[in-house]
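Structural overview for review
The residues making up each chain are set out below.
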Amino acid sequence: MAFMFLRETIRTYRERDPAARSSLEVVLCYPGLHAVVWHRVSHALWNRRLYVLGRLSSHFARWLTGIEIHPAAKLGRRLVIDHGMGVVIGETAEVGDDCYFYHQVTLGAARSMGGKRHPTIGNNVIIGAGAKVLGPFTVGDNARIGSNAVVVDPVPADTTVVGIPARSTAPCRGGRRPLIPMACRARTHSTRCCAILKACAPNSRSLRQGWRVSPTPSRARRAGRTSPSLNRHAAFHARP
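Because the structure is a prediction, the values reported are computed rather than measured. (Residues numbered from 1 in each chain as written. Predicted model: local features only at pLDDT ≥ 70, side-chain atom pairs only at ≥ 80, totals over all residues. Heavy atoms only, no water.)

Focus: the sheet that holds strand E5 (residues 94-95)
Read from one edge to the other, the open sheet built from four strands follows the order E2-E5-E8-E11, with strand pairing classed as parallel. At either margin of the open sheet sits one strand with a lone partner, and together these are strand E2 (74-75) and strand E11 (138-139). Direction of pairing for strand E8 (residues 120-121) relative to E11: parallel, over a ladder of two bridges. Opposite Thr-120, over in E11, you have Thr-138 as the bridge partner. (Pairing = 2+ DSSP bridges. Helix = DSSP H or I, 4+ residues; strand = E, 2+ residues; numbered from the N terminus.)

What follows is the structure, given as C-alpha cells:
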C-alpha cells in the first residue's frame, strides 16, 4: 500500500512538473514529496493517540523540508506541493485528491476557538503561491485560487478567485465582461466613439447608466442644438 502511494505520487510529480526529469530526481530532490510522505508517518502516530510523537515527527519534517503540516490534517492522494517552502496546513484542514499547491500557501484558521477551524479543499484544486485560505469553509472541486489571494468565504466548484479579499473572475451576466476603451470614456460625441461603444458593449448597462453618450438626433432636435458633431452622429444612426 505504501509503495503504491509513493509510486503514484512520483508519477504525478513527473506528469505535472516539467522540471522533473526522472523518478530518482523526484525522490531525492523534491521537498513536497518528502513532506507528504513524512506526514503519513506523523498522521499514523496521531491516530494512535501518540500525540507528542506525532507532533515531534511533523516538527522534524518541517525542519527538513520547510513545510509545516499538522499531523491531524487529512491529505488526499496525489497531492503535489511545488517548491514547498513556507506551506502551512492546519490541524483541521482537509485536502482532496489531485490538488496542486505552490509555495507559501496557508490553510489557516480565522478564529482561535476549538472545533473545525481550517478549510476543506475539494479535488483537483490549484492554489497559487502566497495564497491564504482562512476559515472553516469549503473550496469546491476544480477551483483555482490566484497567487497572494486571501480567501475568507466559500469558493464554488469550477471557479477562479483572485484578490484581497478573493473574488470570482466569472464573466458578467450575458457573456464576457465588456472592455470599454479609455478613449471612449471621454465626454465626446464623435462618430468613432459611438461606433466603438456599440461594437464593444452592445448590451452593456454602461450605455444606459453612468456613461456620457451622445444624445439621439431626436433629442438634439428637441433641444434645438445643431453642431457638426451632432450632424455626424445623426448621419451615423440614419444608416440602414
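A closer look at helix H4 (residues 51-65)
The end-to-end C-alpha separation of H4 is 21 Å, in line with the 21 Å expected for 15 residues at 1.5 Å each. As for H4, its buried residues are in contact with helix H3 (31-47) and strand E1 (68-69). In the segment just after H4, Gly-66 is the residue with positive phi, at about 80°. (Expected span 1.5 Å × (residues − 1). Contact = heavy atoms within 4.5 Å.)

Things to note about a nonpolar patch on the surface
A surface patch of nonpolar side chains, amounting to about 460 Å² of accessible area, comprises Trp-38, Phe-60, Trp-63 and Leu-64. With three residues, the single largest contributor to the nonpolar patch is H4. Inspection of the secondary structure assignment puts Phe-60 in helix H4. Judged by its relative accessible area of 38%, Phe-60 falls in the partly exposed class. (Patch = residues over 30% accessible without salt bridge, like charges linked within 9 Å, V, L, I, M, F, W, Y side chains within 5 Å. Areas by Shrake-Rupley, 256 points an atom, 1.4 Å probe, with all protein chains shown as cover. Salt bridge = Lys/Arg side-chain N within 4 Å of Asp/Glu carboxyl O. Buried < 20%, exposed > 50% of the residue type's maximum accessible area, 1.4 Å probe, protein only.)

Quick word on the nonpolar core
Counting 38 residues, the largest nonpolar core has Phe-101, Leu-107 and Ile-127 as the members making the most contacts within it. Those elements giving two or more residues to this core turn out to be helix H1 (2-16), H3, strand E3 (80-81) and strand E6 (100-101). Ignoring anything within four residues of it in the chain, the contact list for Leu-107 reads Val-88, Ile-89, Gly-90, Ala-93, Val-95, Phe-101, His-118, Pro-119, Ile-121, Ile-127 and Val-133. (Core = buried A, V, L, I, M, F, W, Y, C linked by side-chain atoms within 4.5 Å.)

Some points on the environment of Ile-81
Relative to the assigned elements, Ile-81 resides in strand E3. We classify Ile-81 as buried; its relative accessible area is 1%. Between the C-alpha atom of Ile-81 and that of Val-36, which follows or precedes it by 45 residues, the distance is 8.5 Å. The residues contacting Ile-81, other than those within four sequence positions of it, are Tyr-13, Gly-32, Val-36, Ile-67, Ile-69, Val-87 and Phe-101.

Some remarks on the sheet that holds strand E14 (residues 160-162)
Overall, mixed pairing links the six strands, which are arranged E3-E6-E9-E12-E14-E15 in an open sheet. Of all the strands in the sheet, the pair left with one neighbour each is E3 and strand E15 (167-168). Here E6 pairs with strand E9 (residues 126-127) via two bridges, running parallel. Pairing of Phe-101 across the sheet is with Ile-127, part of E9.

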